Amino acid sequence: MSDETEKLKESAEESKKKFGSPIVVDQKTSSSLWFDQRELNVRYLISINRIKKFYEELSKGKVMATKCNKCGEIYFPPQSYCNKCGSNSMSWIELSGSGELLTYTIINVKPQSFSHYPDYAIGIAKMPQGVNVLAWIDGDVRSLRVGMKVRLEVKRRDPEGYLTYWIKPE
Ligand SMILES: [Zn+2]
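Residues numbered from 1 in each chain as written. Predicted model: local features only at pLDDT ≥ 70, side-chain atom pairs only at ≥ 80, totals over all residues.

A.B. asks: So what's going on with the pairing of strand 7 (residues 99-107)? Which residues, and what values?
C.D. replies: Sheet topology note: the strand 7/strand 10 (residues 149-157) ladder contains two bridges and is antiparallel. When the bridges of strand 10 are listed, Gly 99 appears paired with Val 150. (Pairing = 2+ DSSP bridges. Helix = DSSP H or I, 4+ residues; strand = E, 2+ residues; numbered from the N terminus.)

As structure tokens, then:
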């Protein structure tokens, strides 16, 4: 690993402890960046300047989407522009309340970079704000039923140690 990557990793670790998300600031450009590194040494440095609020709210336990001020289209994961009408005037809305589990799948055969996880479930929840959320499901995989009431929760995922959103059966 290069010195630069090592430094980024250290500040990402600090940010995870303090703030809940691995956000680092690029020394040259002052851009806020999402930092992740996992098996196979795939490194993620994704610019999150325009959706930084998503991570700020995540650290307070809230899951946010963006809504187009012009046509009302809702985006999750949040986008800073509207694909539908081309507007870049967006508002933030919280995805909260009871949703419905539309579908789920239990992963028994895992991709290599997820091989350290026990069997897990991924599902799609339809939220009352009118948007579908794809996420890992937190709960007993045997108790899952299509149509059940679920909500979104924010908690750390190990071993990465950063906050993310989960679908949680009610
Ligand atoms: Zn729009």
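The rest of the description comes next.
A.B. asks: Pulling in residues and values, what's your account of the environment of Phe 35?
C.D. replies: Tracing the chain through its elements places Phe 35 in strand 2 (residues 32-38). Overall, the presence of 21 C-beta atoms within 10 Å leaves Phe 35 in the buried class. With 67 residues separating them along the chain, Phe 35 and Leu 102 place their C-alpha atoms 31 Å apart. (Buried ≥ 20, exposed ≤ 12 C-beta atoms within 10 Å, placed from the backbone.)

A.B. asks: Could you give an account of unusual backbone geometry, naming the residues involved and the relevant values?
C.D. replies: Phe 76 connects to Pro 77 through a cis peptide bond whose omega is -5°. Of note, Pro 77 is situated in the loop between strand 5 (74-75) and strand 6 (90-94). For Ser 30, which is not a glycine, the phi torsion comes out positive at approximately 60°. In this structure Ser 30 comes out as exposed when scored by C-beta crowding, with 8 C-beta atoms within 10 Å.

A.B. asks: Help me get a handle on the environment of Gln 27, residues and values and all.
C.D. replies: The topology assignment puts Gln 27 in the loop between strand 1 (23-25) and strand 2. Sequence-wise, Gln 27 and Leu 8 are 19 residues apart; in three dimensions their C-alpha atoms are separated by 9.9 Å.

A.B. asks: Any chance you could break down the nonpolar core for me, citing the residues and the numbers?
C.D. replies: Among the nonpolar cores identified, the biggest contains 25 residues, and Leu 95, Ala 125, Val 133, Leu 152 and Ile 167 are the most heavily contacted of them. Where this core is concerned, the elements lending two or more residues are helix 1 (3-19), strand 1, helix 2 (52-58), strand 4 (64-68), strand 9 (132-137), strand 10 and strand 11 (162-169). Among all residues touching Leu 152, those that are not within four sequence positions of it are Val 63, Leu 95, Val 133, Tyr 165 and Ile 167. (Core = buried A, V, L, I, M, F, W, Y, C linked by C-beta atoms within 7 Å. Contact = placed C-beta atoms within 7 Å.)

A.B. asks: Which residues make up the sheet that holds strand 11, and what values do they have?
C.D. replies: Pairing is mixed in the closed barrel, where five strands are placed in the order 7-8-9-11-10. On average, each strand axis in the sheet is tilted by 40° relative to the strand beside it, whichever way the strands run. Of the strand pairs in this sheet, strand 10 and strand 11 are connected by eight bridges, and their pairing is antiparallel. From the neighbouring strand, Leu 152 faces strand 11, where its bridge partner is Ile 167. (Axes fitted to C-alpha atoms, helices over the stretch in contact; angles between N-to-C directions.)

A.B. asks: Describe the pairing of strand 11, and please don't skip the residues or the numbers.
C.D. replies: Across two bridges, strand 9 lies against strand 11 in parallel orientation. Paired with Ile 137 across the strands is Ile 167, a residue of strand 11. Hairpin remark: strand 10 followed by strand 11, antiparallel, with four residues in the connecting loop; positive phi at Gly 161, about 80°.

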